[in-house]
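Understanding the architecture of this molecule
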Amino acid sequence: MSGTNEAAFDPFTEEKTRPADDPAFACTDCLDPAEAFALVGNETRLAILQALWAADERPVSFSDLRRAVGMRDSAQFNYHLQQLEGHFVTKVDGESGADGPGAGSTASGYDFKHAGEKIVRSVIAGSFNEHPTIEPFAVRGTCVDCDGALEARYVEEHLSIVCSECGHGHGEYQFPPGGLSGRSREEIADAFDQRVRHLHCLAADGVCPECSGRMATRVVETDGECCLGAETRVDHECSQCGHTLCSAPGLRLLDHSAVVTFHRERGVRLDDRPYWTLPWCVSDEYTDVVGQDPVRLEVRLPGDGDELRVTMTESLEVCETRVVEAV
């Protein structure tokens, strides 16, 4: 019998297939990061990407794209377009359907590859070219530590919720500059709340919100010197890009059906409450480690005198929920 690392023979193609434990991805035409930045570090090439983004429909023909960029020299424009093609832009050849002239036809021209779209999104978000400032402003809720007033602070593209009296943190996460544009302070706080929920939902599901790589989750017990001052916290780390997120275990439960139902039956809509106003989302006071091998967590969620107790694995999967009613 062959070993597990040997290639298998495919009788249909008469070729060897990849071993089962080989990575699915093999880079045959990868671009060095320095070269990638050099390619888009040109005003004309960036204008091409922005013109693609602004187009009403894609793909965009060569002539329409050149006209949108405003370059008369066709040869020079073609040179810059070719530099982008294959890495940031793809050429689409038009095809016609088989049910009649023009049926199911696809226009020819140029469209984004994922990397090109990410570049434009980053420009729109302001990550490359904007460095806005905003004074701290008050937000809903009170401090889980001292019951003091909370405020939002924006520093170096990170937004944090902090107690203005004792300085206790209630979460700090990346928030691109574009998120501030055109929004009131209240709208900024709401957008930040929604972003944090989305980031942690992806991370807990094993998907890196930065690069879509594999995200690993683990429970960490510390002396409380980091991440919300919590002694029991959850760390998410991407094995591909190294991106990390940190939170109290309860933050993962915001969209769990049993948790949503428990609060709704007691007159509370969790989607109307910023995560930092829910103590079990920003503090480990409501979390107990109830098992070590394997790790098991129990999060207690109070509500109207009752308590919902949720048991979770180290990867934040819910094992059990039960309601303890007030006596």
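Placed above this text is the structure.
Quick notes on the rules
- Residues numbered from 1 in each chain as written.
- Predicted model: local features only at pLDDT ≥ 70, side-chain atom pairs only at ≥ 80, totals over all residues.
- Heavy atoms only, no water.
- Helix = DSSP H or I, 4+ residues; strand = E, 2+ residues; numbered from the N terminus.
- Polar contact = N/O pair within 3.5 Å; in protein donor to acceptor, adjacent residues only side chain to side chain.
- Contact = heavy atoms within 4.5 Å.
- Buried < 20%, exposed > 50% of the residue type's maximum accessible area, 1.4 Å probe, protein only.
- Phe/Tyr/Trp six-rings, centres within 6.5 Å; stacked < 30°, edge-to-face > 60°.
- Pairing = 2+ DSSP bridges.
- Core = buried A, V, L, I, M, F, W, Y, C linked by side-chain atoms within 4.5 Å.
- Salt bridge = Lys/Arg side-chain N within 4 Å of Asp/Glu carboxyl O.

1. Focus on the side chain of glutamate 151
Along the chain, glutamate 151 turns up in strand β6 (residues 149-155). A polar atom in the side chain of glutamate 151 sits 2.7 Å from the side chain of arginine 153. In contact with glutamate 151, not counting residues within four places along its chain, are Pro136, Phe137, Ala138, Val139, Ser160, Ile161, Val162 and Ser164.

2. Description of the side chain of histidine 236
Inspection of the secondary structure puts histidine 236 in strand β10 (residues 232-238). Its relative accessible area of 2% is what places histidine 236 among the buried residues. There is a polar contact of 2.8 Å between the side chain of histidine 236 and the side chain of threonine 217. Those residues within four positions of histidine 236 in sequence are excluded, and the remaining contacts are His200, Ala203, Ala204, Met215, Ala216, Thr217, His243, Thr244, Leu245 and Leu316.

3. Here's the deal with the environment of glutamate 231
Mapped onto the fold, glutamate 231 is located in the loop between β9 (215-221) and β10. Along the sequence, glutamate 231 and serine 283 sit 52 residues apart, while their C-alpha atoms lie 9.0 Å from each other.

4. Considerations on the packing of aromatic side chains
The tally for this structure, following the rule as stated, stands at 7 aromatic pairs. Each ring, one from phenylalanine 192 and one from tyrosine 275, has its centre 6.3 Å from the other, and the planes form 55°; the classification is tilted. Within this pair, whereas phenylalanine 192 is found in helix α6 (residues 185-204), its partner tyrosine 275 is found in the loop between α7 (257-264) and α8 (279-282), the two being separated by 83 residues in sequence. A network of ring pairs unites the aromatic residues Tyr173, Phe175, Phe192, Tyr275 and Trp276 as a single cluster.

5. Observations concerning the pairing of strand β5 (residues 137-142)
In this structure, β5 lies alongside β6, joined through 4 bridges in antiparallel fashion. Bridge pairing links phenylalanine 137 to alanine 152 in β6. If you look at the hairpin formed by β5 and β6, you'll find 6 residues sitting between the two strands, and aspartate 147 has a positive phi there, around 70°.

6. Considering unusual backbone geometry
Note on backbone geometry: most residues besides glycine have negative phi, and most peptide bonds are trans. Geometrically, the link from arginine 58 to proline 59 is a cis peptide bond, its omega value of 5° lying close to zero. For proline 59, the position within the fold is in the loop between α2 (43-54) and α3 (62-69). Note that the residue after aspartate 293, namely proline 294, is joined by a cis bond; omega there is 5°. Following the sequence through the fold, proline 294 ends up in the loop between β12 (287-292) and β13 (295-303).

7. Overview of the nonpolar core
Side chains of a nonpolar character, in soluble globular proteins, are inclined to be buried together. With 48 residues, the main nonpolar core has Ile161, Phe192, Tyr275, Trp276 and Trp280 as its most contacted residues. Tallying contributions element by element places α6 first for this core, with 8 residues. Residues in contact with tryptophan 276, not counting those within four places in the same chain, are Val139, Arg140, Leu150, Ile161, His170, Ala189, Phe192, Asp193 and Val282. The next biggest cluster of nonpolar side chains, apart from the first, holds 17 residues, and it includes Leu65, Phe77, Leu81 and Phe112.

8. A look at the pattern of salt bridges
Any two side chains of opposite charge can pair, so long as their charged atoms come close to each other. Scanning all chains against the criterion turns up 14 salt bridges. For the salt bridge of arginine 252 with aspartate 205, the shortest nitrogen-to-oxygen distance reads 2.8 Å. Of this pair, arginine 252 sits in the loop between β11 (244-247) and α7 while aspartate 205 is found in the loop between α6 and β9, placing the two residues 47 residues apart along the sequence. With its nearest N and O atoms 2.7 Å apart, the salt bridge here joins aspartate 235 to arginine 233. Of the residues examined, aspartate 235 reaches a relative accessible area of 14% and is grouped as buried. Each member of the salt-bridge network shares a partner with another, and the members are Asp205, Arg252 and Asp255.

9. Quick notes on the environment of leucine 278
Following the sequence through the fold, leucine 278 ends up in the loop between α7 and α8. Using a relative accessible area of 3% as the deciding quantity, one classes leucine 278 as buried. Leaving out residues up to four positions away in the same chain, leucine 278 has contacts with Leu254, Leu270 and Arg273.

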